[in-house]
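# What the coordinates show
Each chain, written out:
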There are 2 protein chains.
Amino acid sequence: MARLSTILRLKRLNSLLGIYKRSPSCLQSIQTNYREYHHDHDRARENWWEISKNQRFLLLTAGAIGGTILTLSNDFGNASVEAAEKYDPDIEKHHKTVRTDLPTYRMEDVAAHNNEKTGIWVTYGIGVYDITEFVPKHPGSDKVMLGAGSAIDPFWHVFQQHNTPEVLTLLETFRIGNLNPEDQVSTRDMGDPWSGEPRRHPILKPAAQKPFNAEPPPSILIDSFITPNEFFYVRNHLPVPEIDEKTYELEIEIEGVKKVTKMTLKDLKKLPKHSVTAVVMCGGNRRSDMDNVKKVKGLYWGPSAVGNAVWTGVKLCDVLAKMGVKSDEEKHVHFEGLDTDPTSTYYAASIPLAKAMDPRGDVLLAYEMNGQPLSRDHGFPVRAIVPGTVGARNVKWLGKILISDKESDSHWQQKDYKGFSPSTDWDTVDFSKSPAIQHMPVTSAICYPSPGDKVKVEDGFITVKGYAWSGGGCRIVRVDLTCDGGETWHVAELEQEDLAKAPPGRAWSWTLWSAKIPVPKKAREVEIWSKAVDSNYNVQPESFKNTWNLRGVLSNAYSRVKVKLAK
Amino acid sequence: MARLSTILRLKRLNSLLGIYKRSPSCLQSIQTNYREYHHDHDRARENWWEISKNQRFLLLTAGAIGGTILTLSNDFGNASVEAAEKYDPDIEKHHKTVRTDLPTYRMEDVAAHNNEKTGIWVTYGIGVYDITEFVPKHPGSDKVMLGAGSAIDPFWHVFQQHNTPEVLTLLETFRIGNLNPEDQVSTRDMGDPWSGEPRRHPILKPAAQKPFNAEPPPSILIDSFITPNEFFYVRNHLPVPEIDEKTYELEIEIEGVKKVTKMTLKDLKKLPKHSVTAVVMCGGNRRSDMDNVKKVKGLYWGPSAVGNAVWTGVKLCDVLAKMGVKSDEEKHVHFEGLDTDPTSTYYAASIPLAKAMDPRGDVLLAYEMNGQPLSRDHGFPVRAIVPGTVGARNVKWLGKILISDKESDSHWQQKDYKGFSPSTDWDTVDFSKSPAIQHMPVTSAICYPSPGDKVKVEDGFITVKGYAWSGGGCRIVRVDLTCDGGETWHVAELEQEDLAKAPPGRAWSWTLWSAKIPVPKKAREVEIWSKAVDSNYNVQPESFKNTWNLRGVLSNAYSRVKVKLAK
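### What to know about the overall build of chain A
On a plain count of helices and strands, chain A comes out with 16 helices and 27 strands. Within the span of chain A, comprising 567 residues, buried residues form 60% of the whole. Put simply, 74% of the contacts in chain A that link residues at least 6 apart link residues at least 24 apart. Summed over its atoms, the accessible surface of chain A is roughly 23,300 Å², and 52% of this surface lies on carbon and sulfur atoms.

Set out below in structure tokens:
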């Protein structure tokens, strides 16, 4: 294919974007394209061809209107779109290159632009950027404000999901000047926050490397009712902290009470030991299924951002009761991790105090996973286990517990992990309008066969396997399978804990299921659907179209896998 | 239309059915037709034309194979199919007519056939019937066995849903003989169990008269957050018992403990008084929506078999704690009503003891509804209120409470109010495989406008109103509306109790909602859909096709209302 890339130069493109900045609607379109295709992980790079096609479309449209514009922008370098498709680290050079068409600023000028009224400026490398318009559209608009009026380099050193051609190119569209060389910030001498990451089992397929986010292959996930530690998905929001168990202390504070309790790991281990078998599932599990219907923003998780383990530790209600805490339905328990961002802000989340104080809620301060001390990736030395509740509240590397009148005001409680209507987009979203996800809805996933597999038909039947789970302690009561678009449904065999071990409202483990389902005689290909029903008789929604949300969380529509049939 | 009815006589039809009995597959088809079209209420009569068409189809098929069959059956009466379409009470005459082609039996012969091994015979009027094959297909197979080897007349005197042409004609297909006149049973002298029924507000639209089952018009339902007592739907399973509050006693028994506690209404009123605002919803609410997609068995409820009231009484956990009962997750609380069937079997149901003992479960022994003593239709003098749980467990006219190791073995707990896969039919259903419904799934209904209404469009918008609710104490967090098949969704305004009054897990009240939604400019007709999302982020399923179940319970798919637009 004779690609346009041979004549279109990337830096010319950037220059054009600079020019288009004066045309807000055009810029808006470009930004929208970027936004839609931006994912905070490696996969975004694969979308580069898509993105550049869009850009090119815009360029060509613009070109047709006024071809002269092209002649204005001939003084830029040689990096081709072709190269960018394969990710060109040179793209970062924009932020190392003086733009002679723009003025030079001092850091104090930048610092004076740190709020909505003044406009919001930031620096990256030697570039000065006015991101005022972009801030409300940033997936974490509160997070981006931490860098307002200053250098964002240290943030991006930690949040490496920004280091993609899309983001860097998008940033350049906001360029308004050059930073005086005397004020330039370097990250060269900063300690690498990622240097202390633990080693991971190669079976974990990363959705992102920094922070590390990875899941095992679905077919391996369902091989055992208890997920082996090494195969358990990892969802980190920040670098893994290095914690010495000898000096480790867990702070427990009650708002309004001066004395803060501190407990060492030894102190915790002196309390009655409890084990709970429970699923931890990422709020974005199965996001890729939703993303395939319409783009969302978030890590491209398959169906394996979930695992079922035996967690051992102390009951949080025992610890709190000992401190004299009484259940109060208007209060909350905050969990703060020891993992931090560049401003030393901890990862944090909260749950209702009533859940923590309910002995049947089974909330643990866990120090063991499947009989082993927690690994570093899973929260060593102590993490919260909140059965039935989205992974994001099962805070790892627990540094502090706070009993408060209010929910955690962390980014992850307030500006993330919430659901919205399918018609809510980044321009209209108001995160204050939706509750933070706590209990997760009913879901299931077909883990065997995999999409595109050639499946053996035996006596007219194929074998299908997967898992099902529902939050809030709801038991799975049925999993239905169809391979004829719902004309006939087949009930799967379930493997699950019995009622004595998981009484009503305390079914924290998952259900593994398998079914032999008949396939039409002459079919060469079928699409298998699974849907689970829980003990509240809630059922998975049919389609992602009608449950789509901009963050791609709660992705629990029917699991659908298309396979070929081998006779 | 020149109807076949002018040449086909009903009794001839019956005779043919008798002959067809020797052809099991043909009989099976006829029975299936009957079963599919049988509803235990008046509406079934409207289906008569459909049924007779099916029968005629069978007859004509049979006729084509062997026309001589017709000549064998010329000695029967004159009631025409035409008349039967409009419900002919004469149809009962079969059961008053001696069949000279069949032998005569004594009641002792019948009594000797009272189990699977001997075959199951019953009598009705002067007919003797072998219903062995039918028993497993009866919607309440355990109930029908109560009449095995005896007269079913007294049962049908109470369960009047049997007195339809379909059921009576079906019964006649099982005729094997005539009952000796000396043994004939009459119900003429039985006290009429319906003579003591209370008067009802005429706004309640009956789905059945005996037992009384009725709902208010949807548009009135949403006029007030608290449903007025007179407008509250009534779902009775048996005649309303007449209870004297002066002599009323509630028995409370703990299995294995000899002493039975008895409490008068006065005793109950001495205990701390609690009020809970809670929905009671029938398990069959919105069944008509499911039935419209594919026939189900059950009362034809619209969306108003639900109400929201302030219930006042004592907390069951207070009563039980006083008796020394401790929470035990493997135990159950049985509620037995004082309403009885002809064998003096009480209406009964059970809930997990853990729900009853949880102070946050808010289970009440209620004696007031919206500040008034309970009315007779709503359980005077005392009923169970089990917030978040299907109506069937909110037992009225409470006579006895039993703490037991097992669930209630009542028909209504074991053989009814359970969900199944869409492909489970009356031939394959195994009621022991599904759990009794307790918590109800998330639902919503459009109550205004009504289907077919001509709706005023104002500035391009129409107003839509309804309710939403979810069981298990889950709050409604969002209701989405669309009138373009899900292309765009509009978020409704919610009227609900605030979090302080209904903390997490205790949102027992419903949510009323309203929305102004834009309609396409040139549209003359739109179909509005509503879907609710609860605090576990469970969402209503899209279609009844994929959630259909043979009893038509849990009918919680999207509410869809088609209306005309007036400009």
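### Observations concerning helix α10 (residues 165–172) of chain B
In terms of burial, α10(B) is largely enclosed, as eight of its eight residues are buried. Where α10(B) is concerned, the buried positions are B:Pro165, B:Glu166, B:Val167, B:Leu168, B:Thr169, B:Leu170, B:Leu171 and B:Glu172.

### Things to note about the environment of B:Pro202
Residue and element names in this part refer to chain B. Residue placement: Pro-202 occurs in the loop between β5 (175–179) and β6 (205–208). On the basis of relative accessible area, Pro-202 is assigned to the exposed category, the value being 74%. With twelve residues separating them along the chain, Pro-202 and Ala-214 place their C-alpha atoms 9.9 Å apart.

### Describing the sheet that holds strand β10 (residues 261–263) of chain B
All names here are of chain B. In space, the five strands of this open sheet follow the order β10-β9-β18-β13-β14, with mixed pairing throughout. One side of each edge strand has no neighbouring strand; the edge strands of this open sheet are β10 and β14 (346–352). Strand-to-strand twist across the sheet, computed as the mean angle between neighbouring axes with direction ignored, equals 20 degrees. Strand direction decides the pairing type here: strand β13 (residues 332–340) and strand β18 (residues 398–404), joined by six bridges, are antiparallel. Paired with Val-333 across the bridge in β18 is Ile-403.

### Details of the relation of the copies chain A and chain B
For the pair chain A and chain B, the relating rotation is 180 degrees, the translation along its axis is 0.0 Å, and the fit reaches an RMSD of 0.1 Å. When the rotation and shift are considered jointly, the pair of chain copies conforms to a two-fold rotation axis. For chain A, the smallest separation between a C-alpha atom and the rotation axis is recorded for A:Pro541, amounting to 2.3 Å. Interface residue correspondence from chain A to chain B reaches 100%, placing this contact among same-surface, isologous pairings.

### Side note on the sheet that holds β5(B)
Pairing between the strands of a sheet is mediated by backbone hydrogen bonds and can be parallel or antiparallel. Residues and elements named next belong to chain B. Read from one edge of the open sheet, five strands run β1-β5-β4-β3-β2, paired in mixed fashion. At either margin of the open sheet sits one strand with a lone partner, and together these are β1 (104–105) and β2 (114–115). Of the strand pairs in this sheet, strand β3 (residues 119–124) and strand β4 (residues 127–130) are connected by four bridges, and their pairing is antiparallel. Residue pairing across strands places Trp-121 opposite Asp-130, the latter belonging to β4.

### Comments concerning unusual backbone geometry
Cis geometry marks the peptide bond from A:Lys210 to A:Pro211, where omega comes out at 0 degrees. By the element assignment, A:Pro211 lies in the loop between β6 (205–208) and β7 (213–215). In this chain, B:Phe380 is followed by B:Pro381 through a cis amide linkage whose omega measures 5 degrees. Here B:Pro381 is to be found in the loop between β16 (372–373) and β17 (383–385). Unusually for a residue other than glycine, A:Asp362 sits at a positive phi of about 60 degrees. Its location among the elements puts A:Asp362 in the loop between α15 (353–357) and β15 (364–369). Positive phi values are uncommon outside glycine, yet B:Asp459 reaches one of about 50 degrees.

### Focus: the packing of aromatic side chains
Summed over the entire model, instances satisfying the criterion amount to 24 aromatic pairs over all chains. An angle of 20 degrees between the planes, with centres 5.6 Å apart, marks the rings of B:Tyr467 and B:Trp510 as stacked. In this pair, B:Tyr467 sits in strand β21 (residues 461–469) while B:Trp510 sits in the loop between β24 (493–495) and β25 (511–518), placing the two residues 43 residues apart along the sequence. B:Trp510 sits in the buried class, given a relative accessible area of 1%. Each member of the aromatic cluster is reached from another via a ring pair, and the members are A:Phe232, A:Tyr233, A:Trp301 and A:Trp311. A cation sits over an aromatic face here: B:Lys294 above B:Trp548, 4.0 Å from the ring centre. The ring of B:Trp529 has B:Arg560 sitting right over it, with the charged end atom 4.1 Å from the ring centre.

### Points about the pairing of strand β18 (residues 398–404) of chain A
For a regular strand, side-chain orientation follows a simple rule: the groups alternate between the two sheet faces. Residues and elements named next belong to chain A. Most of β18 sits out of view: seven of its seven residues are buried. Bridge count for strand β9 (residues 250–254) against β18 is four bridges, and the pairing is parallel. Looking across to β18, one finds that Ile-254 is bridged to Ile-403.

### Structural notes on the pairing of strand β22 (residues 476–482) of chain B
Residue and element names in this part refer to chain B. Most of β22 sits out of view: seven of its seven residues are buried. Bridge analysis of β22 against strand β23 (residues 490–491) gives two bridges, and the strand direction is antiparallel. Bridge pairing links Leu-481 to His-490 in β23.

How each quantity is defined
Every chain begins its residue count from 1, and numbering advances along the sequence as written. Starting at A for chains and at 1 for ligands, labels are handed out in the order in which the entities are written. The model is predicted, so local features are restricted to residues of pLDDT at least 70 and side-chain atom pairs to those at 80 or more, both for listing and for counting; the totals for chains, interfaces and linings are taken over all residues. To get the side-chain values, all heavy atoms of the structure are used, and hydrogens and water are removed first. Secondary structure follows DSSP: runs of H or I at least 4 residues long count as helices, runs of E at least 2 residues long count as strands, and numbering of each begins at the N terminus. Each residue's exposure class comes from its accessible area (1.4 Å probe, protein chains only) as a fraction of the maximum for that residue type: buried when under 20%, exposed when over 50%, partly exposed otherwise. Whether two residues are in contact is decided by their heavy atoms: any pair within 4.5 Å suffices. Each accessible area is a Shrake-Rupley estimate made with a 1.4 Å probe; only the visible protein chains count as cover when residues are assessed. Being paired, for any two strands, means DSSP has found at least two bridges between them. Angles shown run from 0 to 180 degrees and are taken between the N-to-C directions of axes, each axis being a line fitted to C-alpha atoms and, for helices, limited to the stretch in contact. Least-squares fitting of one copy onto the other uses the C-alpha atoms of those residues that reach a pLDDT of at least 70 in both copies. Classification of ring pairs uses Phe, Tyr and Trp, with its six-membered ring standing for Trp, and accepts pairs whose centres are within 6.5 Å; under 30 degrees between planes counts as stacked, over 60 as edge-to-face, and the remaining range as tilted. Charges are assigned to positions over rings by a cutoff of 6 Å between ring centre and Lys NZ or Arg CZ, combined with an angular limit of 35 degrees from the ring normal.

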